[in-house]
Each structure stands twice: as C-alpha cells, then as structure tokens.
Amino acid sequence: MIRLEKRKEPSKFWRIANPFLAVVLTMLAGAVMFAMLGKDPVVAIRLIFFDPIFSETFGSYSRPQLLIKSAPLILIAVGLAIGFKANIWNIGAEGQYIMGALFGAGVALAFFPAPGWYIFPLMVAAGAFGGFLWAMIPAILKTRFNTNEILVSLLLVYVAERILAAMALGLMRNPDIAGFPGSRDLRRYDAAHNAELFANTGIHWGVVAALIAVIFAYVMMTRHMLGFHVQLAGQAPRAARFAGVVPARLVVICLGISGALAGLAGMFEVSGPGGQVRIEFATGYGFTAIIVAFLGRLNPIGIVLAGLLLGLTYIGGELGQMMLQLPGAAIQVFQGMLLFFLLALDFQTNYRLRLTRGARA
Amino acid sequence: MRAPLLRLEGLTKAYPGVVANDDVSFDIGEGQMHALLGENGAGKSTLVKMIYGLVKPDKGQMTLRGQPFAPSQPSQARRSGVAMVFQHFSLFDALDVAENVALGMENPPPLRDLARRIRDVSEEYGLPLDPARLVGELSAGERQRVEIVRCLLQDPKLLIMDEPTSVLTPQEVDILFLTLRKLSAEGTAILYISHKLEEIRALCDEATILRGGQKVATCDPREKSARELAELMVGQVLTPPERADKPKGDVVLQVDNLSLASNNPFGTSLKNISFTLRKGEVLGIAGVAGNGQDELLLMLSGELLAPSAQVRLKGAPVGHLGPNGRRALGLVAAPEERLGHAAAPDMSLTENALLSAARRKMLTKHGFIDWRKTERFADDIIGRFDVRTPGPHVLARALSGGNLQKFVIGREIELDPDVIIVNQPTWGVDAAAAATIRQALLDLAAKGAGVLVISQDLDELLEISDRFAALNEGRLSDTRPAKGLTVEDIGLMMGGAGDMHVAHKASA
Amino acid sequence: MILGSINPAVLFAALMVAATPILLAAIGELVVEKAGVLNLGVEGMMIIGAVTGFIIAVNSGSPFLGFIGAALGGMVLSLLFALLTQALMTNQVASGLALTLFGLGLSALIGQKYVGITPPRTPKLDLGPLSDIPFLGRAVFSHDIMVYLTIALVGGVWWFLKYSRAGMILRAVGENHDAAHALGYHVKRVRVFAIMFGGACAGLGGAYLSLIRVPQWTEGMTVGAGWIALALVVFASWRPWRAMAGAYLFGGVVVLQLNLQAAGVRIPVEYLSMSPYLITIAVLVIISSGKARGSLNAPGSLNRPFHASS
C-alpha cells in the first residue's frame with residue numbers, strides 16, 4: 001500500500017529540484033502535444049527553448065528580445081510574490097500593468113512635443129502611481145469591507161482592458177492619423193522614449209528597474225522586519241497579529257508594491273517595445289507573471305530564472321509561429337502545463353510517499 | 001468478574017519515529033466503568049481510535065463478545081455497538097443539533113422523528129437539548145450533551161468518553177457522573193479516558209494505565225491513592241512547586257469595568273471586567289472553555305484594542321496600544337494555542353524567537369534583523385528552559401507540545417516583563433514540562449513581576465495562585481484569596497451547573 | 001425615451017438567456033464550496049466546456065450531444081484540479097489559477113479551426129399554450145430547454161443540500177473536515193465528487209455561451225463569466241435560490257447595457273461594457289461588508305487543505 005506522509009520538515013532538495021523537473025516534464029508533454037498537432041516534436045522543442053539563443057539565423061534578433069520579454073515578467077512577478085507569501089492574492093496585475101501604461105503614456109502625450117529631461121522620470125512616477133492606484137481598489141475594499149481581493153483584482157482587469165480600448169479609440173488617439181485607433185508612437189518622441197541603453201542587448205530602463213526590484217525584494221524578504229512580517233502573516237495569521245502585525249496595513253503594502261511594479265512594467269513597455277497605446281497592447285504578462293512567481297518559488301532570485309525561461313517561451317512561441325505555423329495558443333498551454341507540473345511535483349517537498357507492507361490483508 | 005465485553009490482545013501501532021501502542025492487552029467487562037489513564041502522549045487516543053475503527057492496528061486483535069472485532073471504519077464500529085464522545089473535532093457549528101446527531105448515526109430516522117427522540121433521550125438522562133438550535137451557538141457543556149445524546153440514541157454496548165470533564169464545571173461533572181452511572185447500571189460499558197485521578201477514583205471500577213505506549217498496570221482505582229496512581233502514570237515522583245511567601249507590591253495592571261465585543265462570530269464578548277494585579281502576585285482565572293478566556297488574553301496582550309484608560313499598566317493607560325506598544329512598556333503574553341498563535345509552525349525556533357522579542361531584546365536596527373543575535377537569543381531560551389531540540393534551526397512544529405510550550409513561555413519570561421499573561425500554560429503538556437513551567441512562573445513572580453494565569457485546570461490554579469477569580473459567559477467574578485477555597489466554591493464561581501441541575505431533578 | 005423603446009417582455013426573455021451560463025457555473029461552484037473546496041478554475045472549465053461542446057455539436061449536428069460533451073469536458077478538467085488538490089495536497093488558489101490559465105490556452109488551441117463557424121441551432125422548447133400567455137409567454141415561456149433545466153438544477157441542488165442525507169454529509173465535510181473524518185466520512189471522496197459536479201456545471205455554462213447565447217466560437221469568449229460566477233456564489237451567501245436571483249439581476253444589467261448600446265446612447269461602448277464587472281464588484285462590497293454578514297455563511301473548512309493525520 002502507498003501512503004502519503006507529511007514530512008517533519010519540507011525537503012530542501014525537492015524545493016529547488018522541482019522547478020527544473022517541471023520544465024523537463026513540460027518539454028516532454030509539450031513534445032507529445034506537438035506530435036499530436038502533426039509537427040515534429042524535436043524540432044518544435046528546439047525552436048522554442050534553444051534556437052532563440054543559440055541559433056545563428058535568428059539569434060541576433062531574438063537574443064535581445066529575451067531581456068525585453070523577461071523584464072516585465074520579472075518586475076511584475078517580484079511584486080506578486082511578496083503578496084503571495086503573505087496570502088494576499090493579487091491576480092489582477094494585468095489590469096495594473098495597463099493602468100501603469102496609460103498613466104505613463106498620458107504624461108508623455110500631455111507634454112508632446114516638448115523636449116525635457118524631466119519628462120521620462122515623470123512618466124516613470126506616473127506609471128508606478130497608476131498601477132498603485134488600480135491595486136488600491138481591491139486593497140481598500142478588502143480592508144474596509146472585507147471584499148475578496150482575488151475576485152476584485154481580477155474583475156478590474158476586464159475594466160482596465162475596456163478603459164484601454166476607450167483611450168486608444170478616444171482621448172489618446174493620434175490626431176494626426178485619421179481613422180486608425182492607437183496613440184502617437186512614443187518611440188518617435190525622444191523625451192518619452194524608453195530606448196535601448198546598449199545597442200543590441202535589449203537592455204532598457206525596464207530591465208534596470210527589474211534588477212533593482214529583485215535586489216530590493218531580496219533584501220526586504222531576508223533581512224528586514226517587513227519581510228519577516230509578510231511571511232509570518234502568510235504562514236500563521238494569528239501569530240502575526242500576536243507579533244504586532246496590522247493585517248490591513250499589510251494588505252495595503254503588498255497590493256501597493258505589486259501594483260506599482262506592475263504599473264512600472266506597463267509604463268516601460270508602452271514607452272519602449274510596445275511604443276503606443278493600442279487596443280491589443282496587453283498581451284498577458286500580468287497572468288504569465290503569476291506562473292513566473294510560482295516557478296521561481298516566490299523567491300526573487302528564483303523569479304529571475306523563471307522570468308528568463310518564460311520570456312524564452314514567448315520568443316520561441318513567435319519563432320514557432322513563423323517557422324512551423326505553430327498555433328499561438330500552444331505557448332499558453334505550455335505555460336499552463338508548467339504550472340501544473342510544478343504544483344503536482346511539489347507534494348514531494350512536503351510529503352513523502354511510503355510503501356507500507358500490508359500487515360492486514 | 002463480569003464477562004468480558006471487549007478483549008484487546010497485543011495491540012500495537014507504530015508511527016514513523018514513535019510506537020504509539022506497544023503490545024497493549026486488557027478486558028472491558030459488560031457494564032463496566034473502565035478508566036484509561038495516562039499522560040499526554042501515552043497512547044490513549046491511538047488506542048481508542050483503533051477500537052473506533054479510525055486507525056488500524058499493526059498487530060494484535062480485538063474480540064467483542066467472543067467474536068473477532070476489526071472495524072475498518074467508524075460506521076462498522078458503530079454497527080457493532082461501539083460509540084464515542086470526542087474531546088474535540090466532531091461537531092459542525094453551522095448545522096443544527098438534530099443534523100449533528102444524524103451525522104453520527106448509522107441509520108437515522110427522518111429528521112422530525114429524530115428531533116422527538118432527541119428530546120426524549122435528553123430528558124431521560126437529564127441532558128436538556130433543543131434539536132433545532134445551531135451547534136455553533138451552544139456552550140461547551142451543551143455541545144458535549146449533543147455528542148452524548150448522539151451516542152445514546154444508538155443503544156451502545158460500549159461508550160468511549162475522551163476527557164469528557166475538561167469542558168465542564170465541577171457541578172456539571174457531578175451530573176455527568178449520574179448519567180454515566182445510570183447507563184452503567186443499564187448494562188452499557190464505559191471506557192473513560194482521563195488524566196484526572198480523583199474523578200477516576202470516584203467513578204470507575206477498573207483502571208488501565210498507559211505510559212509511553214505500554215500498559216503499566218490494570219488495577220482497581222478505588223484501592224489506590226491518587227498519589228500512587230500518579231506515580232504509575234508518570235513513572236517518577238513529582239515534587240510540587242516551591243514558592244516563597246512574600247508581601248505583594250504595588251498594582252502593576254488594572255482593568256476597569258471593561259466591555260469588549262469578540263472578534264469572532266462564535267466568540268464570547270467580555271462584559272464589565274474589573275481586576276487588579278500586584279507586583280509579585282499570581283492571579284489565577286478559572287473557567288470552562290469558551291467563556292471569554294481567548295478574548296481576555298487578546299484584550300490584555302493588545303491584539304484586541306480597548307478604550308485607552310480602561311487598561312492601565314503601572315498606572316499608564318495602554319488600552320489603545322497594540323502588542324508591541326505594550327511589550328515596550330513591560331507587558332508580555334503567551335496565548336493558549338502554541339502552534340499558529342504563540343508560534344508559527346513552519347518557522348524555525350530562531351524566527352519564532354524574533355516573533356515577540358524583536359523590540360525588547362533589540363534584535364533589529366532600523367527594521368533590519370540581526371539574525372546572529374536572534375539565534376543566540378533562541379539558544380539562550382533553549383538552554384535555560386531545557387527545551388529538548390537539536391537546535392534553533394528546527395521548525396516549531398517538529399517539537400513536542402511540552403518542549404514548544406517551554407520555548408514559548410521561556411521566550412516571554414526572558415523578556416524580563418513587569419506583567420505576564422498566560423493562557424493554559426500546561427495544556428497538553430507532559431507532567432515534567434508542566435512542573436518546569438509552573439516553577440518558572442512562580443520564580444518570575446518571586447522576582448517581582450505580576451503573573452496572570454488563565455487556565456481550565458483547577459488543581460493547577462489552586463497550586464500556584466495567590467488570588468483567584470472565574471470567568472463565566474464573559475463576566476469575571478470577584479477575586480478571592482486562593483487559600484481556603486474548595487473545589488465546590490470555585491465551581492459556583494464558574495457558574496455552577498446552569499440548567500442541567502433543574503433537568504435532573506425533573507427527571508428524577 | 002430610450003428605455004421606452006425597449007419591450008419589457010423581450011428584455012426579460014433576454015435576461016434569462018444572459019443569466020443562464022453564469023448561473024450554471026455558479027450553482028456548480030456553490031456545491032464545490034459547500035464541500036469546503038475553493039476552485040478558482042471556473043473560467044478555465046467554462047471555456048473548455050464552450051469549445052468541446054461547440055466542436056461536438058458542429059461535428060455531430062446535435063446541440064444536445066454538444067452539451068453532454070461540454071459537461072464531460074469540464075469534468076475532465078476539474079478532475080485535474082481534484083487530483084492536484086485532493087491527492088497531491090496542492091494550494092487550492094494556485095491550482096485553480098493554473099486550471100484557468102491552462103484551460104484558456106488549451107481551448108484556443110483545440111478551437112482554432114472552428115472560429116467563424118455557426119453551430120447547429122438549439123430548438124426552443126415547445127410549451128404549447130403557455131407561450132401564448134401575454135407578456136409571460138414571451139418573457140418566460142419562449143426559451144430553449146437549457147434555461148428550464150438550469151432552473152430545475154437550482155431547485156435540485158437546493159433540495160439536495162437541505163433535505164438529502166448525502167447533502168448533509170457534503171455540508172458537514174465542508175463545515176469541519178476533521179469532525180467529518182472522525183465520524184468516518186470520506187472527506188476526499190465527497191470533495192472529488194463535488195469538484196466533478198462543479199466541473200460539469202461550468203462546462204455546461206460554457207457550452208451555453210458558445211452554442212446558444214453567442215452562438216459562435218471565439219478565443220477567450222467567456223470574458224470573465226467564470227469569475228463573475230465565483231463572485232455570484234459569495235453574493236448568494238452559498239444559497240442556491242439567491243444565486244439564481246443574483247444571476248438574473250446580473251443578466252438584467254448585461255441586457256440593459258446591451259440595449260443601451262444598441263439604442264445609441266451617447267456613452268462610448270467601452271464604458272457601457274464595463275458595467276457588468278463594476279456592478280459585480282459593487283455587489284461583492286455590499287455583501288461582504290459587516291452589516292450584511294453574508295460572508296459569515298462561508299463553509300468553515302473552505303480553502304483549508306485536509307490531510308488525515310492518522
């Protein structure tokens with residue numbers, strides 16, 4: 001007979017090994033999926049996971065893309081992970097990402113076409129503020145009315161998407177081109193352009209911000225009382241109150257940090273790689289970041305690795321679409337499977353499978 | 001000797017790392033009141049879980065009236081005539097009494113008939129119950145009645161009772177004993193689990209004593225003294241705590257006429273609470289579980305805020321201060337629930353040391369944690385309070401109840417407080433650890449701190465308190481000197497037997 | 001003026017249709033939560049139901065086979081959730097999110113060849129003379145059979161939870177799983193069945209969208225209906241008839257908003273189409289705030305993992 005038995009202490013080995021194992025299993029399951037779609041599984045997997053970096057043909061294009069795709073994922077996931085540790089579930093980062101982009105772009109468009117060094121910093125502040133503000137809605141509803149933050153933050157994504165559409169079609173539409181939705185291209189407005197800092201590296205201010213956020217989060221979670229309180233509140237809420245944690249304040253802090261970081265990610269995207277406010281601007285970074293946070297074990301360093309990996313699948317997915325006519329949704333399935341495998345494997349961290357001899361027939 | 005109803009032969013059950021029961025054999029006679037005695041962790045619950053079909057023995061067998069008996073699940077045990085009243089965990093707050101009863105029966109009649117039968121049985125045995133009430137609204141004593149009635153409706157041959165008196169006032173205990181004697185006279189055997197020796201001597205014909213998973217004796221408890229039974233149970237001679245009788249000092253903690261709503265929908269609100277606590281004094285607060293003990297602790301620790309001036313620490317108003325504000329001024333607390341409230345189960349002892357000590361032990365600077373210093377502090381606690389553990393890196397949940405409690409109480413005592421509030425300091429703790437903890441509290445009082453102990457264990461309170469009060473439905477009785485109080489007096493302070501008294505008279 | 005041009009009977013009829021998919025999903029999730037499990041994968045199960053139902057209906061030509069397939073599709077996905085949370089003891093919130101993300105991706109993948117196709121029509125149920133009653137005939141008695149089956153399902157769930165022994169056991173498991181285990185009930189078995197029922201209901205709700213309400217298959221077509229269903233369960237304080245009232249209220253908002261769009265009100269479409277989400281949030285706030293005490297009804301063991309210690 002097989003029994004599931006709780007370990008006295010979670011296994012450190014499996015905690016670290018599981019994400020890698022999950023990636024391997026996802027590749028295998030993905031290969032099966034591609035075979036079922038009638039594609040050569042080996043080619044497809046290589047195209048997604050290896051070619052973006054090692055291929056001679058696409059490498060020069062796709063290598064810089066890696067940081068461009070990973071930076072927003074990491075930036076958002078670092079914030080989400082802090083909340084998740086405290087059992088505060090902000091799953092509406094996509095909405096905060098959109099609002100950050102709209103606030104940032106709003107500042108840029110208001111100043112257009114004035115030059116000035118201060119415009120970009122103002123946009124950064126506005127982007128963070130936009131995401132923060134949007135995250136404060138579930139935060140305040142939770143602390144004042146005890147409303148579930150999961151549902152509110154998620155529902156607000158749909159609201160933000162519609163505000164984005166309204167902006168692209170209305171207030172922020174480029175007045176110079178009649179008939180087309182979408183704002184001016186911020187890449188053509190020097191004072192507002194989040195340009196590449198080093199040619200052909202993909203490094204823009206968003207990458208720098210992600211790096212700072214990772215260091216900041218790491219120090220906070222391991223060395224600072226606030227990080228200790230976050231973990232305490234997540235693991236044992238009553239013990240946290242005993243330790244003097246005010247739960248409402250923690251909700252505001254966690255949602256505020258993750259909202260502001262998601263807003264920053266949106267702002268860096270709209271002023272750089274994205275370029276303009278468009279209806280299709282939001283491509284699901286806010287949701288993929290949830291996977292990144294879990295895959296990275298809610299640990300800032302782990303999140304960097306997980307963010308790079310999922311950034312890779314985005315680029316690989318695009319390559320797959322181009323080269324093999326892989327459906328775009330295949331990548332979404334891939335990312336979903338990754339999270340499934342990780343969760344499923346994690347039982348090994350906390351439990352041990354034991355074969356018990358049937359003493360009684 | 002009556003014919004055996006249930007015979008246990010060589011029952012053995014091992015869990016990883018512990019042998020919970022090792023070759024346990026004894027008989028329970030028809031209609032017998034059989035006590036199962038042992039300390040926490042002696043293996044009493046595992047043994048009854050095997051009889052009730054919740055746990056399968058690794059080895060050994062049982063026979064019921066001569067037939068092999070190996071229930072694979074509780075429903076099978078119930079069909080064979082075995083019923084059980086649990087100490088915790090078997091009622092559903094959001095369901096009504098009748099539904100709760102039905103869930104514990106094999107073939108319950110339709111709910112309307114069941115409601116009538118509940119009324120009949122509860123009247124017959126002096127256990128008044130309203131079948132339509134939600135269980136979440138009932139007192140601890142009433143909840144136990146639900147469990148008992150549930151069993152009685154199935155005409156059990158063997159009724160297992162797990163620590164039934166821990167939730168009752170002394171007067172309620174007397175009434176429960178009347179009910180149990182009546183059942184026994186009607187031929188129902190009772191397996192009575194307890195660690196309260198006087199109770200067992202008053203009630204049972206035979207006692208089996210477990211220690212460390214093994215049977216150490218089966219005897220007639222009426223022929224042994226409580227001290228002899230205790231030594232069989234604990235395996236060593238216990239010394240009562242020492243105390244120095246010193247004059248008490250100034251008032252350090254004062255609560256004035258405080259009323260406060262509970263933060264829990266099924267909780268008890270505090271009503272007009274007033275008391276004072278002096279330097280060097282131990283104030284004991286008794287009461288049956290669920291009469292406001294949790295709320296009292298939360299209000300004093302600062303987890304529930306109160307009007308500023310109604311709680312005074314060394315004269316200064318502190319009602320508005322949270323836990324850290326009060327700690328800074330010298331008030332510390334140790335809540336009842338060790339895992340999850342006083343300590344975080346999945347954190348190491350070092351992290352748990354930081355939990356309440358950050359401020360008073362200056363373990364942080366500008367919010368940044370000095371982990372080395374914190375670990376040294378955790379090591380100090382472990383050394384000074386004899387916490388048995390490989391080291392401060394161990395998770396709190398890996399410690400035994402007694403060791404973790406020594407750690408938690410030790411942590412608070414190490415903060416060198418002027419006032420310490422503890423709730424159930426020795427609940428679920430082995431006798432040796434309990435003695436250590438009581439001694440540590442008395443030593444702290446001797447050094448001049450005010451000590452407030454909330455407990456449901458009357459013997460403990462009488463042993464260590466200077467003054468004494470009782471909580472009943474959120475109200476605190478007047479405080480009286482502990483010397484000269486009888487258990488009877490205390491029972492009346494705790495609210496007597498409530499409505500049960502009346503019912504028994506009516507049915508007599 | 002604008003409202004005057006809308007026929008109330010037609011409006012009510014449209015409201016019933018708009019409410020049905022979320023009501024189906026909500027009634028399933030209600031049973032799941034009553035058993036003490038929080039499955040945030042409703043959106044994912046709905047969209048899987050929408051796509052499997054659509055594909056089967058198109059290929060077989062039978063909408064009814066489509067609905068059956070949708071229920072099975074939702075159930076299969078829910079079994080994945082059951083495996084994770086009940087057997088492998090994973091975090092319910094994370095697993096539910098994974099289910100939604102996975103379901104959204106998978107549905108887009110398997111449905112890509114079906115975009116733009118019209119599914120076979122689901123016939124209206126012929127209710128004979130009932131349909132000729134003035135107002136009521138048009139408003140209430142002019143629908144396809146799923147609308148009525150859904151109402152019957154609500155009644156069935158209500159009866160099951162309130163009067164049947166199995167329903168009582170399910171509530172007991174959700175209220176206090178340790179006690180239920182101590183009495184010998186199979187906590188995990190009950191929960192797995194509840195999760196499967198929830199998956200089937202969500203699948204049906206999804207298929208109602210793709211086969212009747214829209215009727216078409218497009219990627220991500222549930223646009224948050226699963227999340228609204230989750231909110232509806234909270235709004236209903238875990239009571240079946242209140243879930244139905246909530247769903248109809250919500251359906252009313254959606255229909256009114258669509259009518260205002262059609263009537264050309266001078267508010268941009270984007271703002272009007274936000275209203276269902278905003279109203280859902282507003283209702284959540286009212287129901288969760290202290291005075292309404294709705295959240296007190298939450299099952300005691302909701303979202304707490306169960307592992308028998310012995």
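Residues numbered from 1 in each chain as written. Chains lettered and ligands numbered in written order. Predicted model: local features only at pLDDT ≥ 70, side-chain atom pairs only at ≥ 80, totals over all residues.

Peer 1: Before we go on, may I ask you to explain the overall build of chain B in this structure?
Peer 2: Helix and strand counts for chain B stand at 17 helices and 23 strands. Expected size for 508 residues packed as a compact globule is a radius of gyration near 23 Å; at 24 Å, chain B falls within 12% of this value. Principal axes of the C-alpha set define a box for chain B whose edges measure 70 × 50 × 40 Å. Within the span of chain B, comprising 508 residues, buried residues form 51% of the whole. Within chain B, contacts between residues at least 6 apart in sequence are counted, and of these 69% link residues at least 24 apart. (Helix = DSSP H or I, 4+ residues; strand = E, 2+ residues; numbered from the N terminus. Rg over C-alpha atoms; globule rule 2.2 N^0.38 Å. Buried ≥ 20, exposed ≤ 12 C-beta atoms within 10 Å, placed from the backbone. Contact = placed C-beta atoms within 7 Å.)

Peer 1: Could you clarify how one ought to interpret the confidence of the model for chain A in this entry?
Peer 2: Detailed reading of the predicted coordinates is not advisable wherever pLDDT is low. For chain A, the mean per-residue pLDDT works out to 90, and 97% of the residues sit at or above 70. When mean pLDDT is compared element by element in chain A, helix α11 (residues 247-270) of chain A scores highest at 97, while strand β1 (residues 2-6) of chain A scores lowest at 69. (pLDDT = per-residue confidence, 0-100.)

Peer 1: How should I be thinking about the interface of chain C and chain B in this particular structure?
Peer 2: Accessible area lost on assembly of the parts is the figure often given for the size of an interface. At the junction of the two partners, chain C supplies 14 residues and chain B supplies 20 residues. At the level of secondary structure, the elements contributing two or more residues to the side of chain C that touches chain B comprise α7 (165-175) and α8 (177-182) of chain C. Sorting elements by how many residues they give to the side of chain C that touches chain B places α7 of chain C first, with five residues. Residues that form the side of chain C that touches chain B fall into these classes: seven nonpolar, four polar and three charged. (Nonpolar A, V, L, I, M, F, W, Y, C, P; charged D, E, K, R; others polar.)

Peer 1: Explain the domain arrangement of chain B to me, please; I cannot follow it from the model alone.
Peer 2: Residue and element names in this part refer to chain B. According to the domain assignment, chain B contains domain 1 (4-234) and domain 2 (251-338 + 417-493). Listed per partner, the contact involves 15 residues of domain 1 and twelve residues of domain 2. Of all the secondary-structure elements, those providing two or more residues to the side of domain 1 that touches domain 2 are α5 (140-152) and α6 (170-185). Classifying every residue of the side of domain 1 that touches domain 2 gives five nonpolar, eight polar and two charged. (Domains from an automatic or database assignment.)

Peer 1: Help me out: how do you make sense of the sheet that holds strand β5 (residues 67-69) of chain B in this one?
Peer 2: Sheet strands line up and pair through hydrogen bonds in the backbone, either parallel or antiparallel. Residues and elements named next belong to chain B. Pairing in this open sheet of four strands is antiparallel, and the strands run β2-β1-β4-β5 from one edge to the other. Looking along the sheet, the strands with just one partner apiece sit at the ends: β2 (18-29) and β5. Ignoring strand direction, the axes of neighbouring strands in this sheet form an average angle of 25°. In the sheet, strand β1 (residues 4-15) pairs with strand β4 (residues 59-64) via five bridges, with the strands oriented antiparallel. Paired with L8 across the bridge in β4 is M62. (Pairing = 2+ DSSP bridges. Axes fitted to C-alpha atoms, helices over the stretch in contact; angles between N-to-C directions.)

Peer 1: Would you take a moment to explain the pairing of strand β10 (residues 214-219) of chain B for this structure?
Peer 2: Strand residues, when the strand is regular, have side chains that alternate between the two faces of the sheet. Residues and elements named next belong to chain B. Where strand β9 (residues 206-211) meets β10, five bridges bridge the pair, whose relative direction is antiparallel. Opposite A207, over in β10, you have C219 as the bridge partner. Hairpin connection from β9 to β10: two residues lie between these consecutive antiparallel strands, with G212 at a positive phi of about 55°.

Peer 1: Is there a simple way to explain the nonpolar core in this structure?
Peer 2: Within soluble globular proteins, side chains that are nonpolar generally end up buried alongside one another. If you look at the biggest cluster of nonpolar residues, it comprises 389 residues, and the most contacted ones within it are I76 of chain A together with L232 of chain C. If one sorts the elements of this core by residue count, helix α9 (residues 187-213) of chain C sits on top with 16 residues. The residues that make up this core include at least three from each of domain 1 (4-234) and domain 2 (251-338 + 417-493) of chain B. What L232 of chain C contacts, discounting residues up to four positions off in sequence, is I22, A26, A243, G246, A247 and F250 of chain C. (Core = buried A, V, L, I, M, F, W, Y, C linked by C-beta atoms within 7 Å.)

Peer 1: Any chance you could explain the packing of helix α2 (residues 42-60) of chain C against α9 of chain C here in plain terms?
Peer 2: Each packed pair of helices is defined by two parameters, the angle between the axes and the distance between the axes. All names here are of chain C. Direction vectors running N to C along α2 and α9 enclose 55°, while the axes themselves pass 6 Å from each other. Judged by the angle between their axes, α2 and α9 are oblique. Read as a crossing pair, α2 and α9 show a hand that is right-handed. In contact with V42, M45, M46, I47, I48, G49, A50, V51, G53, F54 and A57 of α2, α9 contributes G199, A202, G203, L204, G205, G206, A207, L209, S210 and L211. Its residues assigned to classes, the contact of α2 with α9 shows 14 nonpolar, seven polar and no charged. (Parallel < 35°, antiparallel > 145°, perpendicular 65-115°, else oblique. Left-handed = near helix turned anticlockwise from the far one by under 90°.)

Peer 1: What exactly am I supposed to notice about the packing of helix α1 (residues 12-36) of chain A against helix α14 (residues 329-345) of chain A here?
Peer 2: All names here are of chain A. Put simply, α1 and α14 touch, their axes get as near as 8 Å, and they point 135° apart. In this view, α1 runs oblique relative to α14, as classed from their interaxial angle. Along this stretch, α1 crosses α14, giving a crossing that reads as right-handed. Across from N18, P19, L21, A22, V23, L25, T26, A29, G30 and M33 in α1, the residues of α14 making contact are V333, F334, M337, L338, F341, L342 and L345.

Peer 1: What's the story with the interface of chain C and chain A in this structure? I'm lost.
Peer 2: Opposite the 39 residues of chain C that make contact, chain A presents 38 residues. Within the residue set of the side of chain C that touches chain A, elements represented by two or more residues are α4 (92-111), α10 (225-235), α12 (269-272) and α13 (275-288) of chain C. With twelve residues, the top contributor of residues to the side of chain C that touches chain A is α4 of chain C. Classifying every residue of the side of chain C that touches chain A by side-chain character gives 27 nonpolar, eleven polar and one charged.

Peer 1: Help me understand the sheet that holds β9 of chain B, please; the structure alone is not making it clear to me.
Peer 2: All names here are of chain B. Read from one edge of the open sheet, six strands run β6-β7-β8-β3-β9-β10, paired in mixed fashion. Whereas interior strands pair on both sides, the edge strands pair on one side only; in this sheet they are β6 (82-85) and β10. Within the sheet, the average angular offset between the axes of one strand and its neighbour, ignoring direction, is 20°. The sheet contact formed by β6 and strand β7 (residues 158-162) spans four bridges and is parallel. When the bridges of β7 are listed, M84 appears paired with I160. Across the sheet, helix α1 (residues 44-51) lies against β3 (33-37), β6, β7, β8 (189-194) and β9, angled at about 150° from β7, the strand it touches most.

Peer 1: Would you mind going over α9 of chain C with me for this structure?
Peer 2: Residue pairs spaced three or four apart in an α-helix point in one direction, given the helix's 3.6 residues per turn. With 27 residues, α9 of chain C ought to run about 39 Å at 1.5 Å a step, and its terminal C-alpha atoms sit 37 Å apart, in line with that. In terms of burial, α9 of chain C is a largely internal element, 23 of the 27 residues being buried. (Expected span 1.5 Å × (residues − 1).)

Peer 1: Is there a simple way to explain unusual backbone geometry in this structure?
Peer 2: For residues other than glycine, phi is negative in most cases, and the peptide bonds are mostly trans. Of note, the bond from F112 of chain A into P113 of chain A is cis; its omega dihedral lies within 30 degrees of zero at 0°. The backbone phi angle of R297 of chain A is positive, close to 60°, even though this residue is not glycine. Using a count of 20 C-beta atoms within 10 Å as the deciding quantity, one classes R297 of chain A as buried. Unusually for a residue other than glycine, S237 of chain C sits at a positive phi of about 50°. Structurally, S237 of chain C is set in the loop between α10 and α11 (240-262). In this structure S237 of chain C comes out as partly exposed when scored by C-beta crowding, with 17 C-beta atoms within 10 Å.

Peer 1: It is not clear to me how the pairing of strand β20 (residues 450-454) of chain B should be interpreted in this structure. Could you clarify?
Peer 2: Residue and element names in this part refer to chain B. When you tally the buried positions in β20, you get five out of five residues, the bulk of the element. Where burial is concerned, the two faces of β20 agree: the one with G450, L452 and I454 and the one with V451 and V453 are both buried. Here strand β13 (residues 282-286) pairs with β20 via four bridges, running parallel. When the sheet's bridge partners are listed, V282 is paired in β20 with V451. Both strand β19 (residues 419-423) and β20 contribute to a ladder of five bridges, which runs parallel. Across the sheet, the residue bridging to V422 is V453, located in β20.

Peer 1: In this structure, what is going on with the confidence of the model for chain B? I would like to understand it.
Peer 2: All names here are of chain B. Per-residue pLDDT for chain B averages 87, and the proportion of residues at 70 or more is 94%. Considering only residues more than four positions removed or in separate chains, one finds that residues 499-508, a stretch of pLDDT under 50, has 13 contacts. Quick note on the complex model: pTM equals 0.89, ipTM equals 0.88.

Peer 1: Where do I start with helix α12 (residues 371-384) of chain B in this structure?
Peer 2: All names here are of chain B. A rise of 1.5 Å per residue sets the reference length of α12, with its 14 residues, at 20 Å; its end C-alpha atoms lie 20 Å apart and thus fit the reference within 8%. Among the residues making up α12, those that are buried are T374, E375, F377, A378, I381 and I382. Buried residues of α12, viewed axially, fall in a sector of 155°; they line one side. Along α12, the residues that are exposed and aim more than 90 degrees away from the buried face are R372 and G383. D386 sits one or two positions beyond α12 and adopts a positive phi of about 55°. (Arc of directions from axis to C-beta.)

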